[in-house]
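Listed here are the chains, written in short residue letters.
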Amino acid sequence: MRKLEEMTDEQLALAYVEGDNRAFDLLLSRNEVKLFGYIMFVVHDQERANDVFQETFVKAIMTLKNKRYTHDGHFLPWLTRIAHNLIADLYRRELPMTSAANDGDNADILNNAQLVETYYEAELINEQTLKDVKRLMM
């Protein structure tokens with residue numbers, strides 16, 4: 001059996017579904033900084049970011065426990081999408097209907113999948129650059 005530290009996020013998610021709570025702890029520690037950074041980037045409020053972060057992981061846990069997670073190699077983007085949807089819901093609840101009708105461009109920014117994709121792309125580039133630097137150092 002492989003050590004948890006050697007498993008991918010997707011393998012850890014599946015191990016958690018099978019009952020290994022340590023796998024979820026490792027998933028959380030691997031992804032919390034990136035996910036929280038994304039949430040803060042969008043909401044600009046520590047308290048709201050904390051709420052969205054916690055709710056994101058509650059939804060992720062429920063999805064994993066209900067065996068509805070499809071492991072396609074994109075765990076962090078999946079978490080980010082959950083957070084993105086929760087943020088959109090948060091702003092929809094807070095915006096009065098008249099304001100949303102008059103200022104549709106600002107409300108529509110949260111429905112832009114490109115924001116999530118751009119964030120994920122930047123993360124991939126950073127990870128690849130780090131790998132390349134480590135390889136060159138060796």
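Residues numbered from 1 in each chain as written. Predicted model: local features only at pLDDT ≥ 70, side-chain atom pairs only at ≥ 80, totals over all residues. Heavy atoms only, no water.

## Observations concerning the overall build of the protein chain
Next, step 1: Within the protein chain one finds seven helices and zero strands.
Next, step 2: Overall, the protein chain shows an N-to-C arrangement of helices and strands of α-α-α-α-α-α-α.
Next, step 3: The proportion of buried residues among the 138 residues of the protein chain is 33%.
Next, step 4: Across the protein chain, every contact between residues at least 6 apart in sequence was considered, and the portion connecting residues at least 24 apart equals 57%.
Next, step 5: Accessible surface computed for the protein chain: about 9300 Å², of which carbon and sulfur atoms make up 54%. (Helix = DSSP H or I, 4+ residues; strand = E, 2+ residues; numbered from the N terminus. Buried < 20%, exposed > 50% of the residue type's maximum accessible area, 1.4 Å probe, protein only. Contact = heavy atoms within 4.5 Å. Areas by Shrake-Rupley, 256 points an atom, 1.4 Å probe, with all protein chains shown as cover.)

## Focus on the nonpolar core
Next, step 1: Formed by 31 residues in total, the largest nonpolar core has its most connected members in L12, L35, I39, V52 and I87.
Next, step 2: Counting residues per element, the ones that place at least two in this core are α1 (9–17), α2 (21–43), α3 (46–65) and α4 (75–94).
Next, step 3: The dominant element in this core, judged by the number of residues it contributes, is α2, at 10 residues.
Next, step 4: When neighbours within four sequence positions are excluded, I39 is seen to be in contact with H44, A49, V52, F53, T56, A83 and I87. (Core = buried A, V, L, I, M, F, W, Y, C linked by side-chain atoms within 4.5 Å.)

## Quick word on a negative patch on the surface
Next, step 1: A cluster of acidic residues, D45, E47, D51 and E55, forms a negative patch on the protein surface.
Next, step 2: Tracing the chain through its elements places E55 in helix α3. (Patch = residues over 30% accessible without salt bridge, like charges linked within 9 Å, V, L, I, M, F, W, Y side chains within 5 Å. Salt bridge = Lys/Arg side-chain N within 4 Å of Asp/Glu carboxyl O. Lys, Arg positive; Asp, Glu negative; His and termini not counted. Charge placed at Lys NZ, Arg CZ, Asp CG, Glu CD.)

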